[in-house]
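Commentary on secondary and tertiary structure
Here is how the chains run, residue by residue.
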Amino acid sequence: MKLFTAPQIKELDLYTIKHTPITSIDLMERAAKAFTHQFCQLYPHQTVHIIAGKGHNGGDALAVARLLLQQNRIVSTWLVNDSGELSVDTQKNLDHLLLLFPKSCVLIDDLSKTEDLKVNDVIIDGLLGSGLNRPTEGLYLDIITHINALNKLVVAIDVPSGLSTEGVNINPPEAILKASQTVTFQFPKLSFLYPENEPYLGHCYILDIGLHPQGIQNTETNDHYLHQNTIAPLLKNRTRFAHKGTFGHALLFAGSKGKIGAAVLASRACIRGGVGLLTTQVP
């Protein structure tokens, strides 16, 4: 699987919209439906609190709110819009949500609305997305800090709010939301592979939202991610009468004097990888 930067993924969205063809709002709906399906598998009964921002990540969150309410889930939605302007598709999703559920969304400009969370409630984070390009501050920082202090279950849409998608984080640790699960779209982000970001991600789910395969093929990158779906077809089926000779004989040269642990670890990995017979040459 290829890994792309946030600008490249944005270009792939545009390529998909142009060549599928599909409208941008329908592509957002596709992502929201994929997220909602995964979320309901994780949390089928809990009360849900959704925090949406003014950008595309907030648009995803508002669509998720509508889809959950249509399933008769208990949902409260808080919209953070400090500038008074929403992105075009986010505004459309807000209008759609309020048309079907007029009292389902509350505009917040302080933290007072977030005080009534119960023990088993789940928060969906749609505050800030992959387009983050400056340090988080003001009300957004206050909300992230407050949610982290609550120590609640949090599911992030695409990327935890405040986390950079590639390169060094532009935010300090206290300005990055700590998710219990992250449900990302089409590709993991480069920053998901950095060990220092593990505390913010929780368990990651990668959902296919149907970005155009030709666009993916045409977009060049030096970064790739080996996914279990890529490996699974390569694994040989273990038949009833299979034996060590059926799955090949590997010869492993490893370790050095005083460093035999490397040979032990490599040998265990080779055997777990499925080789039939292993010979390890060590000092």
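As a starting point, this report considers the structure included with it. (Residues numbered from 1 in each chain as written. Predicted model: local features only at pLDDT ≥ 70, side-chain atom pairs only at ≥ 80, totals over all residues. Heavy atoms only, no water.)

**Description of the overall build of the protein chain**
For the protein chain, the helix and strand inventory stands at nine helices and nine strands. Seen along its three principal axes, the alpha-carbon backbone of the protein chain occupies a region of about 70 × 45 × 35 Å. Across the 283 residues that make up the protein chain, the buried fraction comes to 43%. In the protein chain, once contacts between residues fewer than 6 apart in sequence are set aside, the share between residues at least 24 apart is 77%. A total accessible area of about 15,500 Å² is found for the protein chain, and carbon and sulfur atoms account for 55% of it. Taking the average location of the 24 positive side-chain charges in the protein chain and that of its 25 negative ones, the two points are 15 Å from each other. (Helix = DSSP H or I, 4+ residues; strand = E, 2+ residues; numbered from the N terminus. Buried < 20%, exposed > 50% of the residue type's maximum accessible area, 1.4 Å probe, protein only. Contact = heavy atoms within 4.5 Å. Areas by Shrake-Rupley, 256 points an atom, 1.4 Å probe, with all protein chains shown as cover. Lys, Arg positive; Asp, Glu negative; His and termini not counted. Charge placed at Lys NZ, Arg CZ, Asp CG, Glu CD.)

**Digging into unusual backbone geometry**
The omega angle of the peptide bond from Thr20 to Pro21 is -15 degrees, so this bond is cis rather than trans. Mapped onto the fold, Pro21 is located in the loop between helix H1 (6-19) and helix H2 (24-42). Its identity as a non-glycine residue notwithstanding, Asn151 has a phi of 60 degrees, on the positive side. One non-glycine residue, Gln186, lies in positive phi territory at about 70 degrees. When you line up the elements, Gln186 lands in the loop between strand S6 (181-185) and helix H6 (198-201).

**Notes on helix H3 (residues 56-69)**
Two residues of an α-helix separated by three or four positions point the same way, owing to the 3.6 residues in each turn. With 14 residues, H3 extends 20 Å between its outermost C-alpha atoms, agreeing within 8% with the 20 Å of an ideal straight helix rising 1.5 Å per residue. Taking burial as the measure, the 14 residues of H3 include 13 buried ones, the bulk of the element. (Expected span 1.5 Å × (residues − 1).)

**Quick notes on the sheet that holds strand S4 (residues 122-126)**
The strands that make up a sheet pair up through hydrogen bonds in the backbone, lying either parallel or antiparallel. Taken in spatial order, the seven strands of this open sheet run S3-S2-S1-S4-S5-S6-S7, and their pairing is parallel. At either margin of the open sheet sits one strand with a lone partner, and together these are strand S3 (105-107) and strand S7 (203-207). Each neighbouring strand pair of the sheet contributes to a mean axis angle of 20 degrees, computed without reference to strand direction. Pairing geometry for strand S5 (residues 153-157) and S6, over three bridges, is parallel. Paired with Ala156 across the two strands is Thr182, which belongs to S6. (Pairing = 2+ DSSP bridges. Axes fitted to C-alpha atoms, helices over the stretch in contact; angles between N-to-C directions.)

**Topic: the pattern of salt bridges**
Summed over the entire model, instances satisfying the criterion amount to two salt bridges. For Glu29, the salt bridge is made with Arg66, and the minimal N-O distance between the two is 2.7 Å. Of this pair, Glu29 sits in helix H2 while Arg66 sits in helix H3, and the two are 37 residues apart along the sequence. Take Glu29 and Arg66: they sit in the same class, and that class is buried. Between Asp158 and Lys189 there is a salt bridge, and its shortest N-O distance comes to 2.8 Å. Placement of Asp158 in the loop between S5 and S6 and of Lys189 in the loop between S6 and H6 is noted, with a sequence separation of 31 residues between them. This pair shows no difference in class: Asp158 is buried, exactly as Lys189 is. (Salt bridge = Lys/Arg side-chain N within 4 Å of Asp/Glu carboxyl O.)

**Examining helix H4 (residues 88-100)**
Taking 1.5 Å as the rise per residue, H4 with 13 residues should run 18 Å; its terminal C-alpha atoms sit 19 Å apart, in good agreement. The secondary structure elements touched by the buried residues of H4 are H2, H3, strand S2 (75-79) and S3.

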